[in-house]
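So you can see what is in the structure, the chains are spelled out below.
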Amino acid sequence: VQLQASGGGQVQAGGSLRLSCVASGSVFTANHMGWYRQAPGKERELVATMDSGDVPDYADSVKDRFTISRDGAKNAVELQMNNLKPEDTAVYYCAARLNERDVWRYWGQGTLVTVSS
């Protein structure tokens, strides 16, 4: 499975960005998809996931601001980020795995999101 992430950029606090991740290859092994992020000097953290039943889950820090969605026709998962804050600045990575019991097996290349105050 190959994951191609896009949509990062620079925005002012309060603004919005939309990230997209398109899966190719053996996509039937990537039913559970999600987004991680890593800020400078910090560990990678889970931001949002979408399970095989299209049930979303979010980190507390992004609840009510970020929305994850799946486009099955495109084998893609998107992350709509609203009311962005400077602390959201990070490299965002798309990830995928077979199911919730699997490790995050597939990773995209990362896309940088910079939020200025």
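What this report covers is the structure whose coordinates are included nearby. A quick note: this is a predicted structure, and the numbers were derived from the prediction, not measured. (Residues numbered from 1 in each chain as written. Predicted model: local features only at pLDDT ≥ 70, side-chain atom pairs only at ≥ 80, totals over all residues. Heavy atoms only, no water.)

**Focus on the packing of aromatic side chains**
Moving on, step 1. All chains considered together, the criterion is met by 2 aromatic pairs.
Moving on, step 2. Centre to centre, the rings of Tyr36 and Trp104 are 5.9 Å apart; their planes meet at 80°, and the pair counts as edge-to-face. Taken together, the residues Tyr36 in strand β4 (residues 32-38) and Trp104 in the loop between β9 (90-97) and β10 (106-107) connect sequence positions 68 residues apart.
Moving on, step 3. A relative accessible area of 15% means that Trp104 is categorised as buried.
Moving on, step 4. Taken together through their ring pairs, the aromatic side chains of Tyr36, Trp104 and Trp107 make up a single cluster.
Moving on, step 5. When the ring centre of Trp107 is taken as origin, the NZ or CZ atom of Arg44, which lies over that ring, is 4.7 Å away. (Phe/Tyr/Trp six-rings, centres within 6.5 Å; stacked < 30°, edge-to-face > 60°. Helix = DSSP H or I, 4+ residues; strand = E, 2+ residues; numbered from the N terminus. Buried < 20%, exposed > 50% of the residue type's maximum accessible area, 1.4 Å probe, protein only. Lys NZ or Arg CZ within 6 Å of the ring centre and 35° of its normal.)

**Here we look at the sheet that holds strand β8 (residues 76-81)**
Across a sheet, strands are paired by hydrogen bonds formed along the backbone, either parallel or antiparallel in direction.
Moving on, step 1. Strands sit in the order β1-β3-β8-β7 across an open sheet of 4 strands; the sheet is antiparallel. A single partner strand is all that each edge strand has here, and the edge strands are β1 (2-6) and β7 (66-71). On average, each strand axis in the sheet is inclined to that of its neighbour by 15°, with strand direction left out of account.
Moving on, step 2. As judged from the 6 bridges shared by β7 and β8, these two strands associate in the antiparallel manner. Residue pairing in the sheet places Ile68 in a bridge with Leu79 of β8. (Pairing = 2+ DSSP bridges. Axes fitted to C-alpha atoms, helices over the stretch in contact; angles between N-to-C directions.)

**Points about the state of the cysteines**
Moving on, step 1. In this structure the tally under the stated criterion is 1 disulfide.
Moving on, step 2. Each disulfide pairs two cysteine sulfurs, and for Cys21 the partner residue is Cys94, the sulfurs being separated by 1.9 Å. Because the torsion about its S-S bond is -80°, the bridge between Cys21 and Cys94 counts as left-handed. Here Cys21 is found in strand β3 (residues 17-24), whereas its partner Cys94 is found in strand β9, with 73 residues between them in sequence. Here Cys21 matches Cys94 in class, with each residue buried. (Disulfide = S-S within 2.5 Å.)

Read these as geometric descriptors, not functional statements.
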